[in-house]
Structure formats: C-alpha cells, structure tokens
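Residue-level structure breakdown
Here is what each chain is made of, one letter per residue.
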Amino acid sequence: DHGVTSQSFEFQEDPFFWKDHNVQVIIRIRPLNNSEMSLQGYNKCIRQDSCQSITWTGHPESRFTFDLVADENVSQENLFKVAGLPMVDNCMGGYNSCMFAYGQTGSGKTHTMLGDIEGGTRRHSVNCGMTPRVFESLFSRIQKEKESRREEKLRFTCKCSFLEIYNEQILDLLDPSIVNLQIREDAKRGVYVENLKEVEVTSARDVIQQLVQGAANRKVAATNMNLASSRSHSVFTCVIESKWESQGVTHHRFARLNLVDLAGSERQKSSGAEGERLKEATNINKSLSTLGLVIMNLVSVSNGKSLHVPYRDSKLTFLLQDSLGGNSKTSIIANISPSNCCSLETLSTLKFAQRAKFIKNNAIVNEDASGDVIAMRMQIQQLKKEVSRLR
Ligand code: ADP
Ligand code: MG
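Quantities reported herein were computed from a predicted structural model and do not represent experimental measurements. Position numbers for residues start from 1 in each chain and track the written sequence from start to end. Key to labels: chains lettered from A, ligands numbered from 1, both in the order written. Totals for whole chains, interfaces and linings use every residue, but because this is a predicted model, local features are given only for residues with pLDDT of at least 70 and side-chain atom pairs only at 80 or more, for both listing and counting. Side-chain figures throughout are based on the complete set of non-hydrogen atoms in the structure, without hydrogens or water.

**Section: the packing of aromatic side chains**
Think of it this way: a Phe, Tyr or Trp ring, Trp meaning its six-membered ring, pairs with another when their centres are within 6.5 Å, and the plane angle makes it stacked under 30 degrees, edge-to-face over 60, tilted otherwise. In the structure shown here, the tally under the stated rule is five aromatic pairs. Centre to centre, the rings of Phe64 and Phe66 are 6.3 Å apart; their planes meet at 15°, and the pair counts as stacked. With 5.7 Å between their ring centres and 85° between their planes, Phe135 and Phe236 make a pair best called edge-to-face. Note that Phe135 is positioned in helix α4 (residues 130-148) and Phe236 in strand β12 (residues 233-246), a separation of 101 residues in sequence. Runs of H or I in DSSP of at least four residues are treated as helices and runs of E of at least two as strands, each being numbered from the N terminus.

**Some points on the packing of α4 against helix α5 (residues 204-224)**
Viewed as axis vectors pointing N to C, α4 and α5 meet at an angle of 155°, and their least axial separation amounts to 8 Å. On the basis of the axis angle, α4 is roughly antiparallel to α5. Considering how the two elements wind past one another, α4 and α5 form a crossing that is right-handed. Between α4 and α5, the contacting residues are Thr131, Pro132, Phe135, Glu136 and Phe139 on the first element and Ala204, Val207, Ile208 and Leu211 on the second. Taken together, the residues that form the contact of α4 with α5 break down as seven nonpolar, one polar and one charged. In this analysis an axis means a line fitted to C-alpha atoms, helices contributing only their contacting stretch, and an angle means the value between N-to-C directions, from 0 to 180 degrees. An angle counts as roughly parallel when it lies under 35 degrees, as roughly antiparallel when it exceeds 145, as roughly perpendicular when it falls between 65 and 115, and as oblique in every other case. Handedness of a helix crossing follows the sense of rotation of the near helix relative to the far helix, less than a right angle counterclockwise being left-handed and clockwise being right-handed. Any pair of residues with heavy atoms lying within 4.5 Å of one another is described as a contacting pair. Under the scheme applied, nonpolar residues are Ala, Val, Leu, Ile, Met, Phe, Trp, Tyr, Cys and Pro; charged residues are Asp, Glu, Lys and Arg; polar residues are all the others, including Gly.

**Here's the deal with the site of ligand 1**
Any residue with a heavy atom positioned within 4 Å of a molecule or strand is treated as near that molecule or strand. If you check the shell around ligand 1, you find Arg28, Arg30, Pro31, Gln104, Thr105, Gly106, Ser107, Gly108, Lys109, Thr110 and His111 and nothing else. Here Lys109 contributes a side-chain N or O atom positioned 2.8 Å from an oxygen atom of ligand 1. We define a polar contact as two N or O atoms separated by no more than 3.5 Å, with the added condition that, inside protein, one atom must be a possible hydrogen donor and the other a possible acceptor, whereas residues neighbouring each other in sequence contribute only through side-chain atom pairs. A distance of 2.7 Å is found between an oxygen atom of ligand 1 and a backbone nitrogen or oxygen belonging to His111. Areas reported as accessible are Shrake-Rupley estimates using a 1.4 Å probe. Residue values count occlusion only from the protein chains shown. Here ligand 1 has 560 Å² of accessible area as a free molecule, and 62% of this is covered by the chains.

Encoded structure:
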C-alpha cells in the first residue's frame, strides 16, 4: 500500500443548503495529477473524515468541518445536484445567488465552474461544469413555469454579461473594444458596471456561446497584455427578470446570479518584480487580500462587533458586495489538491474556507407588484378626499 487512503464516503444529495443565512462552503478535492504523483507518489496532505469533515495531516494536524467535502470521486453531475440545483431554485424564487470558486492555480476552479464547455451541455459531456449545468436547468425550469402559468401571462427576460478583473481594471469579455470600465452605485440600480455589454439569452446554448466567446477573448487579452489568466478574476452574471399578472396586478421579480472564478490564491512572489510587474503583483494581492479582509471583518460583525467592512477597497469586493454579507444566497467552492506538494497552499485554502463559513447573508425576494403601489396611491387619494370632505 502506498499510503493510499481510498476509504470512500457515500455521497449524499442532501438539500442542507441555505437552511440558515450563512454562506455555504464546499471543499472540492481534485485527483492527484501526474507530476504530483511522480514527485510525491500517493502521499497526501489531507485525510477525509466524513462527507463534511477533513483533516490536514501536517504538523500540527488540524480538522475542519464544512457543508460538504467532495472528494475526487464526486462527479460534476453530483456536485451540481448539491451546489448548483439549489441556486436554480433560488433564482427562480427571486433571490440573488452567487457561487465563488477559490483555490490555488491548478486546483480545479475553472474545471468546477466551466469544465468542458466546448462539448456543450450535460447531455454531451460528463466534464461540463457548474455554469453550463445551472443554465441548462434554469431554462428548462423557465419553460415549464411558462407552460404551467399561461393564464398569468408569465414571461422571462435573461441578460448576461461577462467581465474580468485584472490588475484592478475591468475588462468586458463580451466586447473587448470597451475599455476602462467603472463601477457605479446608485439607489435605483445598486452597484453596477457602467457601459458593460449585456446580451439577452433565451437558452443554455446561447449562454454557452457567450461563455465560449468570453473565454476566447480572455485568451486574446492574456496574450496581448502578457498576463496570466490565473491572475485575473472572471465574473459571469445573469439577471433573470419575470413578470406576471395576477388579480389585475402586474408582478415583477428579478434575481442576479453571479458565477465567479477567482484568481489563483497562491502567494504572489513580488520579490524581484519591478514596474508593471510589481504593480500587478500588489494589485492582484489587493483584490484577493481585500476579499480576505472583508471576510475577516464580516466574521467579527457576525460576532456582534461593529467594524468597517472595506468593500470599496478593491474592484472585486465592491462589485460583489451584495454576495458577501448582503442580499444574496452565496456558496463558495474551495478547490484543493490532495498532494503533499501543495500542503501549505491547501492549509491556507482550508483556513480561508473556514472563515467564510461564518459569513451571514440576508437574502430577500426581489419582488414588487406595481399594482400594489398603484392601489395604495388610489387609496390615499380616496382618503384625502374624505378628509377634505369632513373638514
Ligand atoms: P484552476 O482553474 O484552479 O487553475 P483547472 O480547473 O484549470 O485549475 O484544473 C487544473 C487541471 O486539473 C485541469 O487539467 C483540470 O482538468 C484538472 N482537474 C481539476 N479538477 C479536477 C477534477 N475534480 N477531476 C478531474 N480533473 C480535474
Ligand atoms: Mg482557471
């Protein structure tokens, strides 16, 4: 035996998600790769104890508990059932939803979020990741709802956008000709990126087409600007709006869905870097370190301390502030390598994920019935008339 601990845990599709307000945290362990095996054999830095707990076997041993620990045998499809499907329910119910993939470069973030997208959706590829699966399921739900609620004239509009944050700059992955995008905030729209291209989508195929286009633009940008895509954060957003009639009132519901593939969490080596490289290293540290700080402060806030949460200190946290401690149902998939080669990075990811577990969000259904407001205005007018009559 090479120290292989292949004790396997029955994978449960337990809908434990979002029973509470906390951010849901999943650890995903990827399989050992060839280079790790040739360097370290089967030696691992972690031991899975159950579906929800994992031990880091370095010194001193540390045990961690999460909402789910998914080992290398958990397929994309099964992960989707636990982590993706509840997001679809949330979006249909008018809740903002967000999924982050965290972890060092090569730990499986892009595999988890996108996977094999060229192959199409779930029916075509077992490796297709959470994003295409979420949209396949979402559009089939939309179709079913529309059919079963014909008399309410239910209709949906879905608009997506795709951006990259690199070096504290926002690039539009659906239209690279638009440069220097700025984040704005106003009372009506909340936080948004000004001039970001939005594309209407009506099927999972439409979404995949945008994802493929965005991924290609990301590659071009990486080559032109001599940057590594592992150093940028990508954010795919879809806003789902629905309208229906009921008892003479028009109801309006919307949900914002964010799917985020974060930059590699490994420490950036800034030693020896100069000029642009140094600036890049600090700025990349900035978005991720601000994320770390925001999470740290949110933990204190949830413990009753009043602390300033520095959302505005980085583009990433400013843009996604609702997803962190705000109006959203959020999950984090922290990806790790099981190999001894990555022991310290794996520990650092487990610690990050453990802190994230304490974040409390406060998601509400985004809905208004314009008719209600109108009805109330009419009532007010009526009452005013009566008051003046009494005078
Ligand atoms: P990251 O985006 O975190 O840098 P990737 O998603 O690109 O990492 O993964 C690195 C490599 O490992 C890829 O070749 C990917 O296909 C493979 N890989 C990652 N996670 C898994 C997994 N759970 N099962 C099989 N292969 C995986
Ligand atoms: Mg990646």
